[in-house]
Amino acid sequence: QGWLIVNMKRIPTGELEAIKQLEELELKYPDNTGILFFKTFIQAEYNQTDEALKNTEKLITVEPEDGLNWLFRGQVLEAAGRNDEALASYQKSTELAPDNADSWQNLAGLYAKTGRFDEAIPCFSKAIELAPNQPVFIYNRGCCYCLKGDRINALADLLKAVTMNPQLKTHAQTDT
């Protein structure tokens, strides 16, 4: 019931009330990493980066072999502009959870964001292999090809992505 209340309160009353409720639940159930994860998610979502990062470290201390915790840490670090640390976390996530498409997508995205297209493309391809029905993954690889100057592969990926999700056509028209 507590989880439902927190999730419902998050939207109408804001993140502070939700975090307060999660902290109360955390006191009641100190070994429940799900509570800590959800609290950290809300903190990250509302740019409470320092607190979110502290909590990702707690999650990793408790469950160091959980690739999702490393992925989450990478997302918080990337949002904070700490790309080198985020990259290391994403790499750790792909090592621990090699079948997690999101881990590969995030790693690829950060490589692309930092201009490392030759490293990004194989990671995008791995994400696509794991989740072939995700047109955004295909679109992002196409963008990477485009930025690299490979128009043939860029257009092939764009066509496939737009065929799967026509809304991407509108997005592509203004995507830098």
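Let me sum up the structure you'll find in this document. (Residues numbered from 1 in each chain as written. Predicted model: local features only at pLDDT ≥ 70, side-chain atom pairs only at ≥ 80, totals over all residues. Heavy atoms only, no water.)

### Remarks on the pattern of salt bridges
We apply this condition: We define a salt bridge as a contact between a side-chain nitrogen of Lys or Arg and a carboxyl oxygen of Asp or Glu at a distance within 4 Å. Starting at the N terminus, helices and strands are each numbered in turn, a helix being any DSSP run of H or I of at least four residues and a strand any DSSP run of E of at least two. Buried, partly exposed and exposed residues are distinguished by accessible area as a fraction of the type maximum, computed with a 1.4 Å probe on protein chains only: under 20%, between the cut-offs, and over 50%, respectively.
Taken as a whole, this structure holds nine salt bridges when the rule is applied. The partner of Arg 116 in a salt bridge is Glu 119, and the shortest N-O contact between them spans 2.7 Å. Among the salt bridges present, the one from Lys 126 reaches Glu 129, with a minimum N-O distance of 3.5 Å. With a gap of three residues between them, Lys 126 and Glu 129 both fall in helix H8 (residues 117-130), about one helical turn apart. Accessibility expressed as a relative area gives 23% for Lys 126, which makes it partly exposed.

### Notes on the packing of aromatic side chains
Two measures describe an aromatic ring pair: the distance that separates the ring centres and the angle between the ring planes. Applicable threshold: Think of it this way: a Phe, Tyr or Trp ring, Trp meaning its six-membered ring, pairs with another when their centres are within 6.5 Å, and the plane angle makes it stacked under 30 degrees, edge-to-face over 60, tilted otherwise.
Under the counting rule described, the total for this entry stands at two aromatic pairs. Centroid distance Phe 37 to Phe 72: 4.7 Å. Interplanar angle 45°. Geometry classified as tilted. In this pair, Phe 37 sits in helix H3 (residues 33-45) while Phe 72 sits in helix H5 (residues 67-79), placing the two residues 35 residues apart along the sequence. Residue Phe 37 is classed as partly exposed on the basis of its relative accessible area of 25%. Ring centres of Phe 41 and Phe 72 lie 6.5 Å apart, and the angle between their planes is 40°; on these two criteria the pair is classed as tilted. One end of the pair, Phe 41, is in helix H3; the other, Phe 72, is in helix H5, and 31 residues separate them in sequence.

### What about the packing of helix H6 (residues 83-96) against helix H7 (residues 101-113)?
As a reminder of what qualifies: The angle between two axes is taken between their N-to-C directions and runs from 0 to 180 degrees, where each axis is a line fitted to C-alpha atoms and a helix contributes only its stretch in contact. We call two directions roughly parallel when the angle between them is under 35 degrees, roughly antiparallel when it is over 145, roughly perpendicular when it lies between 65 and 115, and oblique otherwise. Handedness of a crossing follows from how the near helix is turned relative to the far one, being left-handed for an anticlockwise turn of less than a right angle and right-handed for a clockwise one. Any two residues whose heavy atoms approach within 4.5 Å at even a single point are treated as in contact. Basically, the charged four are Asp, Glu, Lys and Arg, the nonpolar ten are Ala, Val, Leu, Ile, Met, Phe, Trp, Tyr, Cys and Pro, and anything else, Gly included, counts as polar.
Where H6 meets H7, the closest approach of the two axes is 9 Å, and the angle between their N-to-C directions is 150°. Regarding the angle of H6 to H7, the classification is roughly antiparallel. Read as a crossing pair, H6 and H7 show a hand that is left-handed. Contact residues: Asn 83, Ala 86, Leu 87, Tyr 90, Gln 91, Ser 93 and Thr 94 in H6; Ser 103, Trp 104, Asn 106, Leu 107, Leu 110, Tyr 111 and Lys 113 in H7. Taken together, the residues that form the contact of H6 with H7 break down as seven nonpolar, six polar and one charged.

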